[in-house]
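Reading the structure
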Amino acid sequence: MKVTDLRASRALLGAIAAGLLMTGLIAVSTTWLARPDLLPDAGSSWYVWQRPERSTMIMAGVWALYALHQLGFWALIWYGQQRVRKYSDRLHVVNAVALAFNLVFVLLHFAQTQLWYDALAQDVSIWSSQFSVIILLVWVLLMENDRRGLFFGKKVPTPGGVGVRAWARKYHGYYFAWAAVYTFWYHPMETTTGHLIGFLYMFLILVQGSLFLTRAHVNRWWTVTLEVMVLFHGAIVALNSPKQLWFQFGWGFATIFVITQMHGLGLPRWTRWLIGLTYVGSVGLVVSLLGTSKLATLPRVPAAEYAGVFILAAIFAIGLWIARLAGSRRTPRDAPAGDVPDRSDDQVTV
């Protein structure tokens, strides 16, 4: 498969700049965006930013655009796995196509918001969008266990062992592409702070997904940045919500960074200690100002994600066991295992 003359790292920087510009365009559109009369907030299961009445014609158009985006992105990933298969410092032609393809659908979603406003939120639950991203983050923790460990740099045995984690690495792109595209089309391109940082996050994940089989895709600093961005998104959204759970989300995701994510960056020990002590000090400061009741919310996010790692691994292990059992019943001998690319020198990524 041919490669372009453009280095993947430069393409990444250019795509990040484009994402920032697109986020700025969404912010500016607040001056002309024709919003419907939004219904009042009805609780955690209610999504405010949708038309009061559903339009079948509008939703047919939204679902069609989503389906074209989803199926096209999957097809590009499949093509890369089948025809490229090797990592490069430069963009493969299929990467350039993927970046352009996603840009087209970003612009289409922007235009669709201006014309129709409604997105997939009109038809599906807000929990489906939120859990799609939560599972993505848990999936990353599972895959990265072999490289950076799960707790303070230590690898932890998970259900199904190395085989399950290898399967998760090989096929993660398809799930991540679904989580990103589905969440992207779930929301209209609204101009609240939470929407803006959320769309910037989705833009960057779409960029990451488009850079498959390049060295930029597995740059450890870039991938950890993507993981940590959810800290800021979660904290800002919570800060603007009635329950004020910003400490739970902001410091909860910071806990995961201190326990797990920073240990894959090759930082010297003194730097890790400094980060850890800064984290402890910041927790102490918040608690001294707002009371010890805040401490009860601190473990919720990390406990849920770490439990999710073992639950997700168990689900994969059961699925693979069922697949092997079904395969053994169809053939007298075990079929040869599919090839798993040797990525021992790479980290697995968002």
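Residues numbered from 1 in each chain as written. Predicted model: local features only at pLDDT ≥ 70, side-chain atom pairs only at ≥ 80, totals over all residues. Heavy atoms only, no water.

Quick notes on the overall build of the protein chain
- Helix and strand counts for the protein chain stand at 10 helices and two strands.
- Along the protein chain, helices (α) and strands (β) appear in the sequence β-α-α-β-α-α-α-α-α-α-α-α when read from the amino end.
- In terms of overall size, the protein chain behaves like a compact globule, its C-alpha atoms giving a radius of gyration of 21 Å where 350 residues would be expected to give roughly 20 Å.
- The C-alpha extent of the protein chain, read off along each of the three principal axes, is 60 × 55 × 45 Å.
- Taking all 350 residues of the protein chain together, the buried fraction comes to 49%.
- Partitioning the contacts of the protein chain with sequence separation of at least 6, the portion at a separation of at least 24 is 81%.
- By element, 68% of the accessible surface of the protein chain is carried by carbon and sulfur atoms, the whole surface being about 17400 Å².
- Placing the 29 positive and 17 negative side-chain charges of the protein chain at their respective mean positions leaves the two points 8 Å apart. (Helix = DSSP H or I, 4+ residues; strand = E, 2+ residues; numbered from the N terminus. Rg over C-alpha atoms; globule rule 2.2 N^0.38 Å. Buried < 20%, exposed > 50% of the residue type's maximum accessible area, 1.4 Å probe, protein only. Contact = heavy atoms within 4.5 Å. Areas by Shrake-Rupley, 256 points an atom, 1.4 Å probe, with all protein chains shown as cover. Lys, Arg positive; Asp, Glu negative; His and termini not counted. Charge placed at Lys NZ, Arg CZ, Asp CG, Glu CD.)

Overview of the pattern of salt bridges
- With the rule as written, the count across this model stands at seven salt bridges.
- Note that arginine 165 is salt-bridged to aspartate 146, the shortest N-O span being 2.8 Å. Of this pair, arginine 165 sits in helix H5 (residues 161–186) while aspartate 146 sits in helix H4 (residues 126–148); the two residues are 19 residues apart in sequence, bridging distant segments of the chain.
- In this structure arginine 165 comes out as buried when scored by relative accessible area, which is 7%.
- Aspartate 146 gets classed as partly exposed once you look at its relative accessible area, which sits at 23%.
- A cluster of three or more residues bridged by salt bridges with shared partners is formed by Glu144, Arg147, Arg148 and Glu227. (Salt bridge = Lys/Arg side-chain N within 4 Å of Asp/Glu carboxyl O.)

A short note on the nonpolar core
- Formed by 93 residues in total, the largest nonpolar core has its most connected members in Ile26, Trp139, Phe184, Trp185, Met189 and Phe203.
- Ranked by residue count, the leading element in this core is H5, at 12 residues.
- Every residue in contact with isoleucine 26, bar those within four places of it in the chain, is listed here: Phe110, Met189, Glu190, Thr191, Leu196, Phe199 and Phe203. (Core = buried A, V, L, I, M, F, W, Y, C linked by side-chain atoms within 4.5 Å.)

A few points about the packing of H4 against H5
- Remark: H4 packs on H5, axes separated minimally by 9 Å, with the N-to-C direction vectors making an angle of 155°. The angle between H4 and H5 falls in the class roughly antiparallel. You can see that H4 and H5 cross each other, and the crossing is left-handed.
- Partitioned by chemical class, the residues of the contact of H4 with H5 number 18 nonpolar, six polar and three charged. (Axes fitted to C-alpha atoms, helices over the stretch in contact; angles between N-to-C directions. Parallel < 35°, antiparallel > 145°, perpendicular 65-115°, else oblique. Left-handed = near helix turned anticlockwise from the far one by under 90°. Nonpolar A, V, L, I, M, F, W, Y, C, P; charged D, E, K, R; others polar.)

Let's talk about the packing of aromatic side chains
- Within the structure shown, the criterion is met by 23 aromatic pairs.
- Ring geometry for tyrosine 47 and tryptophan 49: centres 5.5 Å apart, planes at 65°, overall edge-to-face.
- With a relative accessible area of 5%, tyrosine 47 lands in the buried category.
- Taken together, a centroid distance of 5.8 Å and an interplanar angle of 80° make the contact between tryptophan 63 and tyrosine 66 edge-to-face. Highlighted residues: tryptophan 63 and tyrosine 66, both in helix H2 (residues 56–84), separated by three residues, approximately one helical turn.
- Taking relative accessible area as the criterion, tyrosine 66 reaches 10% and is therefore assigned buried.
- Counting every residue linked through ring pairs, the aromatic cluster contains Trp63, Tyr66, Trp139, Trp167, Tyr171, Tyr175, Phe176, Trp178, Tyr182 and Phe316.
- Directly above the ring of tryptophan 246 sits lysine 294, whose terminal nitrogen or CZ lies 5.1 Å from the centroid. (Phe/Tyr/Trp six-rings, centres within 6.5 Å; stacked < 30°, edge-to-face > 60°. Lys NZ or Arg CZ within 6 Å of the ring centre and 35° of its normal.)

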